[in-house]
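Architecture at a glance
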Amino acid sequence: MTTATTTNADLFARAQAAIPGGVNSPVRAFRSVGGTPRFLVSARGPYVTDAEGREYVDLVAGWGPAILGHAHPEVIAAVQDAAARGLSFGASTPVETELAELIEQRVAPVEKLRLVSTGTEATMSAIRLARGFTGRDLLVKFAGHYHGHSDGLLAEAGSGLATFALPGSAGVPAAVAALTLVVPYNDLDALRAVFAEHGDRIAAVITEAAAANMGVVPPLPGFNRALVELAHAHGALVISDEVLTGFRVSKAGWWGLESAAGADARATSAPSAPGEWAHSTPNGRSDAGGEHVDTAYTPDLVTFGKVVGGGMPVAALGGRAEIMERLAPLGPVYQAGTLSGNPVAVTAGVTTLRLADDAVYARLDEVSETISQAVSSALSAEGVPHAVQYAGNLFSFLFGESVSSGARDYAGVLAQESWRYAPFFHAMLDAGVSLPPSVFEAWFVTAAHDDEAVSRILGALPAAARAAAS
Ligand code: PLP
């Protein structure tokens, strides 16, 4: 069968007969926006092409990895070269150490690193390690944060689950779910209360370094720092989940942004420069003249995914050597994987990280600013109340008057008029722009979004804003 002459609708019907819901990950089914998912057959730079031969400017970027744009020639060449030398060895390869060293050089809290294949595996293994290290069972997570689909992490987990309004998942034993305590995000008092009650049983707090799976909700200034202090005061570890933010929002991920801002605060007490990460308000933007808080923090474990694989299945957990060395074969915490450190996948990651220089991050920031501000202006022009939420170059929108000054937690995000997104989304899609198919997802730009791609997006906005207004 050739896909070039087949419609998306035909392909979806056929997929639904063979695959549950026709998809291998629920958000791809377009349930929250309705309509027919596009079956993609190729991608290059800022564009994706569907089976009907239609090209879209892409603001999904493979859900994050494609910071350089799709199919960057140097990444593809490196991957082809690696593939020609063998797809999988099940033995150590030099390139795995190269990737570990690269990450350790950039993210200081990561002294040792282990590679796995998905973000879910990374967080799952980090939690087992935290439990093994502390000898404790309880885990604290924040409502609306997503850390993958392992048992015990699906409680109030944002994005796909927010979309389907499910509280968790069938099939998770109650006894496992009972080990997870869910706390509102950005609420230190609630966290203190949980520690006051269960402190000596809590192994770890897991947190998205900046939340981006309920839409974007950045941590309030100093929140990450305060939560590390609180956890440590009770002998618990902090797992900072940078699967989404890592190497996307800066060369050192979210940790790098907050550490740099923290260092600035300690050195000068000056507000951060415009354009770099700064926020004194819940929407992730700095308040000119606002009090500058020391935000630097040191998590015990950090998880990565997405960008570290450059679009191939690579993820990682890393952290303090003393903790990481509890992993097998050195320690008693078992963790393994047939495809862990796969040479072709790791080559994609190493090549992507090496190519992501300062100019790439500057372009990501610039494109993010241009597009987010243009969307905001178009919505304002049509009288659609909204807020833009930022975490570095990640952004998303909240619709409705009641949320127009931003949201700082899951309850705040859920209060929006989410129904406005589906018509907006479809107007953009009809005009050749592919957005995340849920209002509870971040928008992802790439450094390959050139002026032509950006102007196509801007051209589609007035009609989409009108659709959101009606
Ligand atoms: N953690 C975060 C913060 C994520 O955004 C995701 C995926 O979106 C995961 C973990 C799970 O990663 P994966 O989908 O690779 O299992």
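All values derive from a computational prediction rather than experimental measurement.

A few words now on the sheet that holds strand β13 (residues 433-434). Ordered in space as β1-β2-β3-β13, the four strands form an open sheet in which the pairing is mixed. Only two strands of the sheet have a single neighbouring strand rather than two, namely β1 (40-44) and β13. Where β1 meets strand β2 (residues 47-50), four bridges bridge the pair, whose relative direction is antiparallel. Its bridge partner lying in β2, Ser42 is registered against Thr49.

Attention now goes to the confidence of the model for the protein chain. For the protein chain, the average pLDDT comes to 92, and 90% of its residues sit at 70 or higher. Note on residues 162-167: pLDDT under 50 across the span, and 10 contacts to partners over four residues away in sequence or across chains. Confidence drops under a pLDDT of 50 for residues 268-283, and excluding neighbours within four residues, the segment shows 39 contacts in the predicted structure. Overall fold confidence for the complex sits at a pTM of 0.94, while the interface term, ipTM, reaches 0.99.

What follows is about the pairing of strand β5 (residues 138-142). The side chains of a regular strand alternate, residue by residue, between the two faces of the sheet. Burial runs high along β5: five of the five residues are buried. Side chains Leu138, Val140 and Phe142 project from β5 onto one buried face, and the interleaved Leu139 and Lys141 project onto a second face that is buried too. Of the pairings in the sheet, the one linking β5 to strand β6 (residues 180-183) comprises four bridges and is parallel in character. Bridge pairing links Val140 to Leu181 in β6.

Taken together, 15 residues lie near the ligand, and Gly119, Thr120, Gly148, Val243 and Leu244 sit nearest. Looking at the shell around the ligand, the element that brings in the most residues is helix α4 (residues 119-134), giving three residues. Class assignment for the residues of the shell around the ligand results in five nonpolar, eight polar and two charged.

What follows covers helix α15 (residues 451-469). Side chains three or four residues apart in an α-helix point the same way, a direct result of the helix having 3.6 residues per turn. For α15, built from 19 residues, the straight-helix expectation of 27 Å at 1.5 Å per residue is met to within 8% by its first-to-last C-alpha distance of 27 Å. Listed in full, the buried residues belonging to α15 are Ala453, Ile457, Ala460, Leu461, Ala464, Ala465, Ala467 and Ala468. Of the surrounding secondary structure, the elements contacted by the buried residues of α15 are β3 (55-58), α12 (358-381), β12 (394-399), α14 (421-430) and β13.

This part covers the UniProt feature "modified residue: N6-(pyridoxal phosphate)lysine" (unreviewed entry) in the protein chain. Per the UniProt annotation, the sites labelled "modified residue: N6-(pyridoxal phosphate)lysine" (unreviewed entry) are Lys306. On the secondary structure map, Lys306 appears in the loop between β9 (301-304) and β10 (315-319). Among the residues examined, Lys306 registers 27 C-beta atoms within 10 Å and is labelled buried. The contact partners of Lys306, leaving out residues within four places of it in the chain, are Trp63, Gly64, Pro65, Gly119, Val243 and Leu244.

Pairing is mixed in the open sheet, where seven strands are placed in the order β4-β10-β9-β8-β7-β5-β6. Each edge of the sheet is formed by a strand with only one pairing partner; in this case those strands are β4 (112-116) and β6. On average, adjacent strands in this sheet sit at an angle of 20 degrees to one another, irrespective of strand direction. Pairing of β4 with β10, which is carried by five bridges, proceeds in the antiparallel orientation.

So, on to the nonpolar core. The tendency in soluble globular proteins is for nonpolar side chains to be buried side by side. By size, the foremost hydrophobic cluster in this structure holds 138 residues, and its most contacted members are Ala130, Ala204, Leu237 and Ala316. No other element matches α15, which puts eight residues into this core. Apart from residues no more than four positions distant in its own chain, Ala316 is found in contact with Ile103, Leu113, Arg114, Leu115, Val116, Ala122, Phe304 and Val308.

What follows covers helix α11 (residues 343-355). Counted at 1.5 Å a residue, the expected span for α11 with its 13 residues is 18 Å, and the 18 Å between its end C-alpha atoms agrees. Burial of α11 is extensive: 11 of the 13 residues sit out of reach of the surface. Here the buried face of α11 lies against α2 (73-84), α3 (94-106) and β4.

Cut-offs used in this document
Residues numbered from 1 in each chain as written. Predicted model: local features only at pLDDT ≥ 70, side-chain atom pairs only at ≥ 80, totals over all residues. Pairing = 2+ DSSP bridges. Helix = DSSP H or I, 4+ residues; strand = E, 2+ residues; numbered from the N terminus. pLDDT = per-residue confidence, 0-100. Contact = placed C-beta atoms within 7 Å. Buried ≥ 20, exposed ≤ 12 C-beta atoms within 10 Å, placed from the backbone. Near = placed C-beta within 6 Å. Nonpolar A, V, L, I, M, F, W, Y, C, P; charged D, E, K, R; others polar. Expected span 1.5 Å × (residues − 1). UniProt positions renumbered as here; feature names shortened; annotations may be inferred. Axes fitted to C-alpha atoms, helices over the stretch in contact; angles between N-to-C directions. Core = buried A, V, L, I, M, F, W, Y, C linked by C-beta atoms within 7 Å.

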